[in-house]
Amino acid sequence: MVNLSVKIHELQLKNPVMTASGTSGFAEELTDFYDVSKLGAVLLKGTTLKNRDGNAYPRMAETASGMLNAVGLQNKGIDYFIENIYPRIKDYETPLIVNVNGSTVEEYIEVTEKVNELDKIPAIELNISCPNVKEGGMAFGISCPSAEAVTREVRRAYKKTMIVKLSPNVTDISEIAKAVEGQGADSVSLVNTFLGMAIDSEKRIPLLSTITGGLSGPAIKPIALRMVWQVYKAVKIPVIGIGGIMNAADAIEFMLAGASAIQVGTAIFKDPFIPLNIIDGIENYLVRHKIQSVNDLTGSLQM
Amino acid sequence: MVNLSVKIHELQLKNPVMTASGTSGFAEELTDFYDVSKLGAVLLKGTTLKNRDGNAYPRMAETASGMLNAVGLQNKGIDYFIENIYPRIKDYETPLIVNVNGSTVEEYIEVTEKVNELDKIPAIELNISCPNVKEGGMAFGISCPSAEAVTREVRRAYKKTMIVKLSPNVTDISEIAKAVEGQGADSVSLVNTFLGMAIDSEKRIPLLSTITGGLSGPAIKPIALRMVWQVYKAVKIPVIGIGGIMNAADAIEFMLAGASAIQVGTAIFKDPFIPLNIIDGIENYLVRHKIQSVNDLTGSLQM
Amino acid sequence: MSKKTVADFVVIENTTLNASTYFIKLKASKPLPRMKPGQFVNVEIKNTDEIFLRRPFSIFEVDYLENTLSLIVKILGRGSKKLSEIKVGETLNLIFPLGKSFTYPESKEKILLIGGGSGIAPMLFLAKECGLQPENVDILIGARTSKDHINVDEYNKYGSLHFTTEDGSLGTKGFVTHHPVLKTNLKYFDKVYACGPEAMMKAIAKEAKVAGVFCEVSLENLMACGFGVCLCCIEPTVKGNLCVCTDGPVFNINELKW
Amino acid sequence: MSKKTVADFVVIENTTLNASTYFIKLKASKPLPRMKPGQFVNVEIKNTDEIFLRRPFSIFEVDYLENTLSLIVKILGRGSKKLSEIKVGETLNLIFPLGKSFTYPESKEKILLIGGGSGIAPMLFLAKECGLQPENVDILIGARTSKDHINVDEYNKYGSLHFTTEDGSLGTKGFVTHHPVLKTNLKYFDKVYACGPEAMMKAIAKEAKVAGVFCEVSLENLMACGFGVCLCCIEPTVKGNLCVCTDGPVFNINELKW
Ligand SMILES: Cc1cc2nc3c(=O)[nH]c(=O)nc-3n(C[C@H](O)[C@H](O)[C@H](O)COP(=O)(O)OP(=O)(O)OC[C@H]3O[C@@H](n4cnc5c(N)ncnc54)[C@H](O)[C@@H]3O)c2cc1C
Ligand SMILES: Cc1cc2nc3c(=O)[nH]c(=O)nc-3n(C[C@H](O)[C@H](O)[C@H](O)COP(=O)(O)OP(=O)(O)OC[C@H]3O[C@@H](n4cnc5c(N)ncnc54)[C@H](O)[C@@H]3O)c2cc1C
Ligand SMILES: Cc1cc2nc3c(=O)[nH]c(=O)nc-3n(C[C@H](O)[C@H](O)[C@H](O)COP(=O)(O)O)c2cc1C
Ligand SMILES: Cc1cc2nc3c(=O)[nH]c(=O)nc-3n(C[C@H](O)[C@H](O)[C@H](O)COP(=O)(O)O)c2cc1C
Ligand code: FES
Ligand code: FES
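This write-up is about the structure you can find in this document. In this text the structure is predicted, and so the values were computed from the model without any measurement.

A tally of regular secondary structure across chain A gives 10 helices and 16 strands. Over its C-alpha atoms chain A spans a radius of gyration of 18 Å, differing by no more than 12% from the 19 Å that the globule rule assigns to 303 residues. If you line up chain A on its principal axes, its C-alpha atoms span 50 × 50 × 40 Å. Taking all 303 residues of chain A together, 69% fall into the buried category. Counting contacts in chain A only where the partners sit at least 6 residues apart, residues at least 24 apart contribute 72% of the total. Split by element, the accessible area of chain A, about 9,700 Å² in all, is 49% carbon and sulfur. Looking at chain A, you have 29 positive and 33 negative side-chain charges, and the mean spots of the two groups are 2 Å apart.

Dropping the structure here:
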């Protein structure tokens, strides 16, 4: 029997495969297909202090080996989550992680304080990298001072595991990673989507209501993988790899590059079973390669 | 008859379709297939002061809708070019543009001074964005001060059209574009490749000898398109769009987003005739849409 | 919560209905769950480098004895084109069943079904399933020209068929909203159902509101997932932005901000 | 400069040679240019989202009367797998002819052709084309086991056939370098040609250098373009980094830094 369990600070995962925020709803939607207790963890849909309608339709455009989205953090706000959704999902036997968002540092703190009260939420993912909101979001994640400020303040308000989710739309992602590590992040997850754009050449209009949106899917994998590798070398906290992971080989590549765990995003749209297939595939790989523990993969790229 | 001709500062092109540097050799290789005089221009392989062997093999890895390369500016140096290659190609009836590279500002200047003497070279493309060299290259293109410094010095040494080629591996490409515009760039071309990485999960080794390489192809198109749009809004000089252009629709999207002309790169590897097909496709589009001049496409996205 | 599945089906029929419309019949290896008109499947389009996401198609027919499920596919772009070329014996991977169905009419109610383009699929399914006497069912189908219509004569047995074409080459000339059944008789119906191009449905909704008739429409918003996790397919409603894939695709027109 | 072309070919035959090797015959719509052993084509692999670049394959046979060109394809990964599944009647887009050929032997010279894996394709083509008497030609083919060999009996008429297998199930047991023709008789040959796995070619090159025999090998470096513009396929040589696609794929071992 190989060991698939992974620890991200104090967060114990039965395996390193999580589903990414904004691509797995509030976990309920996945229970239509299977028992979510098989998953390492579920990152819940990005949540803000107040209700947000998100951006106008159309919010989605297909691209080569990927897609753009401009959802813009549509959600009913943290109070609605606590009153209506949390009670329904809290007993799922998989860690549920709230993806915390805000337009101001104060909003991030307020959301975090409320999440801090929720027994069954063992961790938050601080999203300082959403490219689809006019205020806050990615703006916090693309400069060291602002990334530091929000991390520091949220750290004060939160006692459990705090993962900070980084934006790839920067010159040097390892600088940002070091900055948030310095302010008490327990882990970094990367990457969020790349700012992209799509046009209907015949109609001569943008395909997204917001003109630009976030690029995800296999198209971004080579860049995300490079960033995970750079960040792994720069920080001591565990790195969570995200970006275009479609199968176990992809997931293993991220772990070899330095990820302690991974998140599956857009792949879920293609097939909600992909996260489970990846868990099986990793187990199979460990057996084939006679590796005892999945933790031995992390950063074990040979050069 | 629609008008396909385009002017980039003093550089007159018969159509807006050029072949990108490093993907069309020294134009000779394309003459094996067709008459290169049909092309808007040919950007020659990146050239440095002295001979460079480039990076070790393997230099290439296929990715989802794209590829990574780690060629590392292999070339025989500007003197060899002037003595051996230039005489063979100088009478091709298409503008030949030298892609100028260096590890230091001095090297850029020396190469430029030599190119300045070549009658049949109407323009240079200053490459401050090569991600595959240890010194210089992209390092110049990812910060405003260094991009300004090299642009300013090369501008002094060069009297004809100077295009500066930008790196997409930055937080804000429009800042860099404005910086080089301020130092006398006549045009900016973007994007060069994205720094990426690929791993063989079974062998647990990187697929490139250099570990990281430059990502190109359709995978990057949505990001490149967004950058062209941002830069178009930020500068007054003509913008040349590059990144994953495979067909006329792609080329038109870049022009709608603000490009005055475009370059075709990786697509050439799939089919060297693609640049010609794009020229035909643009002409056809203009006729269908009753647009007189290709210049009317530039920045004409409707919002 | 309704159980959803991902499974491979074998293509057992692919018939051309008209120049751009195909009837594709699929056989499952397991018994199919109950599926209702308005619900849809999300189809993986394989063997092409042009398509990344699945494509949603309404369920047109289900045979629970034979374990078959049929679609009507109209070529609109790359995905539907590729799908239309699929051959008998090939497999197709589906996520199903997705979305909510139309509200079934009560017995004795009079209903009008209006389909345009590929929107006829859920309408014909509903005609078959609604359990009404044929005399209580009217089916109105609109197209650009007679060549765009597909032969639905057999649906005569579920209700009265009416046609419109923009060029008058079949049935009433004009849009579905120009047909007498809609123009003059709308109040006669208890329930009106529509599926087709957005402009058509909006025009119908307008008439139905004026007439004060119950009306449900099935939307075809762009989708990434089809099962409620991406929030890409939203439609503004009186209850805020709702997901077409889970809260719809069927909406009562009074919910919509049309 | 040699003219190169991009054209669609129709697949007129796809025969399984062994569990992982296929013979694919293609018909052009126009007369084919002269092509020589060692030259290759770059094949577009369509209808898959897994493959972005073309894949290079040696030219195995050309029939200028029938305008056909044949390849021997061994399944190594995704592209060769997809290619092996191509059906008669489908089209395949090729860039051709690419690369330089082997140096042809002089009449009366004695030559040894050594092929391993898919490397037999250019070797058999050379056997056919070199214009020597069969008694002057020896063809040595190596594989892991007899099952990996393909039937090449008809090449008997071009030279003497020899086999090695690692498990001894056909011919001499061991690698090609263990075969007597190479181990003890190498000096007997005027020219040695080899194509196969790099390790095999390196071992042969070592022997040939010791024996002082002229030896050309055909390399299979990873390629992006195949016609000299990308500089991805380079091989370090005494003249610096050369492109396998244009300066090769055939190299004299004395040029290589092996
Ligand atoms: C719930 C639902 C049920 C559907 N049922 C059917 C059905 O039974 N039969 C059928 O033929 N089609 C149906 N459709 C529509 C079908 O999904 C689209 O035609 C298909 O996805 C188009 O894909 P494509 O790759 O061919 O087009 P693309 O190449 O992706 O796009 C071609 C053009 O069509 C536009 N387009 C694409 N999809 C849509 C859409 N959904 N709405 C409006 N414009 C679009 C694009 O913007 C583009 O301009 C349904 C859609 C939904 C959401
Ligand atoms: C000039 C030339 C002539 C060739 N002639 C023939 C021929 O006649 N018949 C034939 O079957 N094959 C031939 N090959 C090899 C053939 O091109 C490869 O087998 C094919 O490209 C592999 O593609 P794939 O998608 O199946 O493998 P991939 O899925 O891309 O790769 C599978 C594995 O194989 C490795 N690999 C891929 N290509 C090569 C390569 N070229 N060299 C070493 N390792 C590789 C990859 O790194 C990976 O580990 C030739 C190659 C060259 C350069
Ligand atoms: C439709 C959609 C919605 C998303 N919403 C969020 C979100 O609310 N919060 C967040 O941190 N990331 C969000 N993301 C980003 C993903 O979590 C993930 O970082 C990104 O998609 C890259 O991974 P992938 O390529 O596997 O999808 C969203 C992505 C998509 C495609
Ligand atoms: C193999 C290869 C070599 C390249 N060499 C150069 C170079 O020498 N100089 C340069 O400015 N850009 C070089 N580039 C970048 C291309 O010119 C182009 O900017 C990039 O590939 C993006 O465009 P594409 O997606 O159309 O290929 C190279 C790209 C590739 C793939
Ligand atoms: S398509 Fe994803 S939520 Fe509706
Ligand atoms: S493969 Fe491009 S130069 Fe050889």
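This part covers helix 6 (residues 173-182) of chain B. Residue and element names in this part refer to chain B. Every buried residue of helix 6 is listed here: Ile-173, Ser-174, Ile-176, Ala-177, Ala-179 and Val-180. In this structure, the buried residues of helix 6 make contact with helix 4 (138-141), helix 5 (144-157), strand 9 (161-165), strand 10 (187-190) and helix 7 (221-234). Downstream of helix 6 by one or two residues, Gly-184 has phi in the positive range, about 100°.

Time to look at the interface of chain D and chain B. Opposite the 28 residues of chain D that make contact, chain B presents 36 residues. A combined buried area of about 2,700 Å² lies between chain D and chain B, and 61% of that area is made up of carbon and sulfur atoms. Broken down residue by residue, the surface that chain D buries against chain B is led by D:Phe52, D:Val229 and D:Leu231, which jointly contribute 27%. Linking chain D with chain B are 3 salt bridges. Residues D:Lys4 and B:Asp32 are paired through a salt bridge, measuring 3.0 Å at the closest nitrogen-oxygen approach. At the junction of chain D with chain B, the criterion picks out 13 residue pairs in polar contact (both at pLDDT 80 or more).

Next up on the list: the relation of the copies chain B and chain A. Under the fitted operation, chain B is carried onto chain A by 0.0 Å of movement along the axis and a turn of 180°, and the coordinates agree to an RMSD of 0.0 Å. Put plainly, the chains are arranged around a two-fold axis. Interface overlap between copies: 100% of the residues of chain B at the interface are likewise at the interface in chain A, consistent with a symmetric, same-surface contact.

The subject of this paragraph is the site of ligand 3. Neighbouring ligand 3 are 24 residues; A:Ser21, A:Lys165, A:Gly217, A:Gly244 and A:Thr266 lie closest to it. Nearby residues place ligand 3 at the junction of chains A and C. Taking A:Ser21, its main chain carries an N or O atom lying 2.7 Å from an oxygen atom of ligand 3. One nitrogen or oxygen atom from the side chain of A:Asn99 is found 2.9 Å from an oxygen atom belonging to ligand 3. About the coverage of ligand 3: the protein hides 98% of its 600 Å² of free accessible area. A class-by-class count of the residues in the shell around ligand 3 yields 7 nonpolar, 15 polar and 2 charged.

About the thresholds
- Residues numbered from 1 in each chain as written.
- Chains lettered and ligands numbered in written order.
- Predicted model: local features only at pLDDT ≥ 70, side-chain atom pairs only at ≥ 80, totals over all residues.
- Heavy atoms only, no water.
- Helix = DSSP H or I, 4+ residues; strand = E, 2+ residues; numbered from the N terminus.
- Rg over C-alpha atoms; globule rule 2.2 N^0.38 Å.
- Buried < 20%, exposed > 50% of the residue type's maximum accessible area, 1.4 Å probe, protein only.
- Contact = heavy atoms within 4.5 Å.
- Areas by Shrake-Rupley, 256 points an atom, 1.4 Å probe, with all protein chains shown as cover.
- Lys, Arg positive; Asp, Glu negative; His and termini not counted.
- Charge placed at Lys NZ, Arg CZ, Asp CG, Glu CD.
- Buried area = accessible area lost by both parts, 1.4 Å probe.
- Salt bridge = Lys/Arg side-chain N within 4 Å of Asp/Glu carboxyl O.
- Polar contact = N/O pair within 3.5 Å; in protein donor to acceptor, adjacent residues only side chain to side chain.
- Least-squares fit on C-alpha atoms with pLDDT ≥ 70 in both.
- Near = heavy atom within 4 Å.
- Nonpolar A, V, L, I, M, F, W, Y, C, P; charged D, E, K, R; others polar.

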